[in-house]
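Residue-level listing of the chains:
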There are 4 protein chains.
Amino acid sequence: MAVLQNRLELSSEGALIVLQAATAKAQEIGVPQCIAIVDRGGHLLAFLRMDGAKVLSQWSATQKAVTAASSAKPSGELAEPLAAGLVAATQGRFTNLRGGLPIMVSGCLVGAIGVGSGTAEQDLIVAQAGIDALLACLA
Amino acid sequence: MAVLQNRLELSSEGALIVLQAATAKAQEIGVPQCIAIVDRGGHLLAFLRMDGAKVLSQWSATQKAVTAASSAKPSGELAEPLAAGLVAATQGRFTNLRGGLPIMVSGCLVGAIGVGSGTAEQDLIVAQAGIDALLACLA
Amino acid sequence: MAVLQNRLELSSEGALIVLQAATAKAQEIGVPQCIAIVDRGGHLLAFLRMDGAKVLSQWSATQKAVTAASSAKPSGELAEPLAAGLVAATQGRFTNLRGGLPIMVSGCLVGAIGVGSGTAEQDLIVAQAGIDALLACLA
Amino acid sequence: MAVLQNRLELSSEGALIVLQAATAKAQEIGVPQCIAIVDRGGHLLAFLRMDGAKVLSQWSATQKAVTAASSAKPSGELAEPLAAGLVAATQGRFTNLRGGLPIMVSGCLVGAIGVGSGTAEQDLIVAQAGIDALLACLA
């Protein structure tokens, strides 16, 4: 019987690697972004709002990360009316906006990243670049 | 390396010019309005609720201004379900209602105006009149 | 007549310099911290929660920064019952906790830093180290 | 039997007179202020945040006005623990901060003004100047 479990978690050093790589990709594609990295429980680890990114994206980027951490899946993939129901039942903690990705290492969730201020496609490119940099560190 | 950036901001005197011109236009077209002027970060600078304007428009007018400031674009131009997702993920700070306009000077965002209580067309006429008065001061 | 005003603002690059120096100081004194950097209006620019920092400090650190930005003074210096009154009237945006410092450049507010998870003295040492690094860049 | 009652209310024109006189007094004493004028029900009629006023005072100034309108008395005069109880029971709508004054005409409440960003004494001087200007119009 296992009353305790062992979990891999992103460290703050790991979060900064994700943040810096995501920021570099956003600069490369010329889209200022809000970038949020959260832990497995959805609590904020690291954040950057780049010059020119939308002020309101500080909230949506974070909720994308929270949502991806919660489900260990990309945000924005649920059908209606399930998505709207979850938004309401979680008081807006869940979002069905695209731009949040879980950070998976060897099949285990270790945190998540949410990006907002660009199009969904731009947000996802930036989020993926952050994850790729982390995985490259572990390779 | 630029650790600081220089930004043009609407002053409270500028905000009052926008407010007064918008109010005059609303009187001219005979539509009482709630008129909100915010700074670049979406914080309230100046506000007027004209006699007969809807009480609830004090909130919607302000959120229109906040939304226009955040994106440096008119509010109300996003498609669904993106718009509804942003409303939820920002806890209602974002609105997809029409009637908010960014205040741009020489291509720079300096604040925003949101107008509510009329139709979207009436709201936009009033908002634009406020901006025009500011630009006339600078000409 | 000044309808516009020119303001110095912290850039995201500047915010990262503050964040990194504050983090380095926290490591040096062996106290994991939550560190939040906000702009002049109190909107989040950069954030890091170091390994071992208190989860709840993600909120208190941020509100310390918001409070210091609003008043251009260190947080935590008001007497009661004024402080408690402001906490309530601002719905918790204001905090009277120590650990928030305004970031002043040539006498102008350009943003603020808030640090939480240590003692007030530890929080302030870390916050000041962040500011010192920014000022060194500008010297 | 009176199933209806007749009430004097501040008009938006009256609110602007109060706002402008209060702003002029704040300039005269050299203290930038947030100034909020509300109707008898505590809904915002007019607002100005002067350059240099604290961002967070946009909320406290408004709640001072709301509180003064509700009780037809200056805000900040209740003893503890009654004041704290009202703050909690009204979810922060009531504030016991000083700086809110009811606007009384011939003994009737017609609205209220709340001022914040200075000391309580400065806030009250500015609020009273706004009311005096309105009463002078009616003399």
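The rules behind these values
- Counting from 1, residues in each chain are numbered in the order their sequence is written.
- Think of it this way: whatever chain is written first is A, whatever ligand is written first is 1, and the rest follow in order.
- The predicted origin of the model limits local features to residues at a pLDDT of at least 70 and limits the giving and counting of side-chain atom pairs to 80 or more, whereas totals for whole chains, interfaces and linings rest on all residues.
- Note: side-chain values were computed over all heavy atoms of the structure, leaving out hydrogens and water.
- Between any two strands, pairing holds if DSSP finds at least two bridges.
- By definition, any uninterrupted DSSP run of H or I lasting at least four residues is a helix, any uninterrupted run of E lasting at least two residues is a strand, and each is numbered from the N terminus.
- Lines fitted to C-alpha atoms define the axes here, with helix axes fitted over just the stretch in contact, and angles between the N-to-C directions of these axes take values from 0 to 180 degrees.
- Between two residues, a contact is recorded if the distance between any of their heavy atoms is within 4.5 Å.
- A quick way to say it: buried area is the sum, across both parts, of accessible area lost when two parts are put together, with a 1.4 Å probe.
- By definition, a salt bridge exists where a carboxyl oxygen of Asp or Glu is found within 4 Å of a side-chain nitrogen of Lys or Arg.
- Polar contact criterion, stated in full: a pair of N or O atoms within 3.5 Å, where within protein one must be able to donate a hydrogen and the other to accept it, and residues adjacent in sequence count only if both atoms are side-chain atoms.
- Classes in brief: Ala, Val, Leu, Ile, Met, Phe, Trp, Tyr, Cys and Pro nonpolar; Asp, Glu, Lys and Arg charged; the others, Gly included, polar.
- Partly exposed describes any residue whose relative accessible area lies between the buried limit of under 20% and the exposed limit of over 50%, with all areas from a 1.4 Å probe on protein chains only and scaled to the type maximum.
- Confidence of the predictor in every single residue is expressed as pLDDT, which spans 0 to 100.
- Copies overlap after least-squares fitting; the atoms used are the C-alpha atoms of residues with pLDDT of at least 70 in both.

Draft legend 1. Seen up close, the sheet that holds strand β3 (residues 44-49) of chain B. Judged by pairing direction, the sheet is antiparallel, and its eight strands sit side by side in the order β4(B)-β5(B)-β2(B)-β3(B)-β2(D)-β1(D)-β4(D)-β3(D) without closing on themselves. This sheet does not close on itself; its edge strands, each paired only once, are β4 (100-105) of chain B together with β3 (100-105) of chain D. Averaged over all pairs of adjacent strands, the angle between strand axes in this sheet comes to 20°, irrespective of strand direction. Two elements, strand β2 (residues 34-38) of chain B and β3(B), share five bridges in a ladder whose sense is antiparallel. Following the sheet pairing, B:V38 is matched in β3(B) by B:L44. In this fold helix α2 (residues 57-71) of chain D packs onto β3 of chain B together with β1 (34-38), β2 (44-49), β3 and β4 (108-116) of chain D, with an angle of close to 155° to the strand it touches most, β4(D).

Draft legend 2. Region of the structure containing the interface of chain D and chain B. Every contact between the two is made by 17 residues of chain D and, on the other side, 17 residues of chain B. Between chain D and chain B, a total of about 1500 Å² is buried, with carbon and sulfur atoms accounting for 53% of that surface. The largest share of the area that chain D buries against chain B comes from D:L44, D:F47 and D:R49, three residues that together contribute 32% of it. Summed over the shared surface of chain D and chain B, the number is two salt bridges. Ionic pairing is found between B:D39 and D:R49, a salt bridge with its closest N-O pair at 2.9 Å. The interface formed by chain D and chain B includes 15 residue pairs in polar contact (both at pLDDT 80 or more). Elements with a minimum of two residues in the side of chain D that touches chain B: α1 (12-29), β2 and α2 of chain D. Take the side of chain D that touches chain B: its biggest share by element is six residues, from β2(D). Looking at side-chain class alone, the side of chain D that touches chain B contains nine nonpolar, five polar and three charged residues.

Draft legend 3. Layout of the pattern of salt bridges. Taken as a whole, this structure holds 18 salt bridges over all chains when the rule is applied. The closest approach of N and O atoms between A:E121 and A:R98, which form a salt bridge, is 3.2 Å. Within this pair, whereas A:E121 is found in helix α4 (residues 120-138), its partner A:R98 is found in the loop between α3 (82-89) and β3 (100-105), the two being separated by 23 residues in sequence. Using a relative accessible area of 45% as the deciding quantity, one classes A:E121 as partly exposed. According to the relative accessible area criterion, A:R98 is partly exposed, its value standing at 39%. We note a salt bridge from C:R40 to B:E9, for which the minimum N-O separation is 3.7 Å. Of this pair, C:R40 sits in the loop between β2 (34-38) and β3 (44-49) while B:E9 sits in strand β1 (residues 4-10), on two different chains. Overall, B:E9 belongs to the buried group, its relative accessible area being 7%.

Draft legend 4. Looking closely at the side chain of D:D39. Summarising the element assignment, D:D39 is placed in the loop between β1 and β2. A polar contact of 2.9 Å, which involves the side chain of D:D39, links it to the backbone nitrogen of D:G41. Within the local environment of D:D39, its side chain forms a polar contact with the backbone nitrogen of D:H43, the two atoms lying 2.9 Å apart. Leaving out residues up to four positions away in the same chain, D:D39 has contacts with B:R49, D:E9, D:L45, D:A69 and D:G111.

Draft legend 5. Representation of the confidence of the model for chain A within the structure. Chain-level pLDDT for chain A is 96 on average; 100% of the residues reach the 70-or-more range. The ipTM for the predicted assembly is 0.95, set against a pTM of 0.95.

Draft legend 6. Summary view of the relation of the copies chain C and chain B. Mapping chain C onto chain B calls for a rotation angle of 180° and an axial translation of 0.0 Å; the resulting RMSD is 0.0 Å. The transformation relating the two chain copies, once decomposed into turn and shift, fits a two-fold axis. Looking at the rotation axis and the C-alpha trace of chain C, the residue lying nearest is C:R7, at 2.6 Å. A high fraction, 100%, of the interface residues of chain C reappear at the interface in chain B, so the copies pair face to face through one surface.

Draft legend 7. Fine view of unusual backbone geometry. Cis geometry is found at the peptide bond from C:E80 to C:P81, where omega equals 5°. Turning to its location among the elements, C:P81 is positioned in the loop between α2 (57-71) and α3 (82-89). Residue A:A72 is not a glycine yet carries a positive backbone phi of 55°. In this structure, A:S117 is a non-glycine residue whose phi angle is positive, near 135°. Among the secondary structure elements, A:S117 is positioned in the loop between β4 (108-116) and α4.

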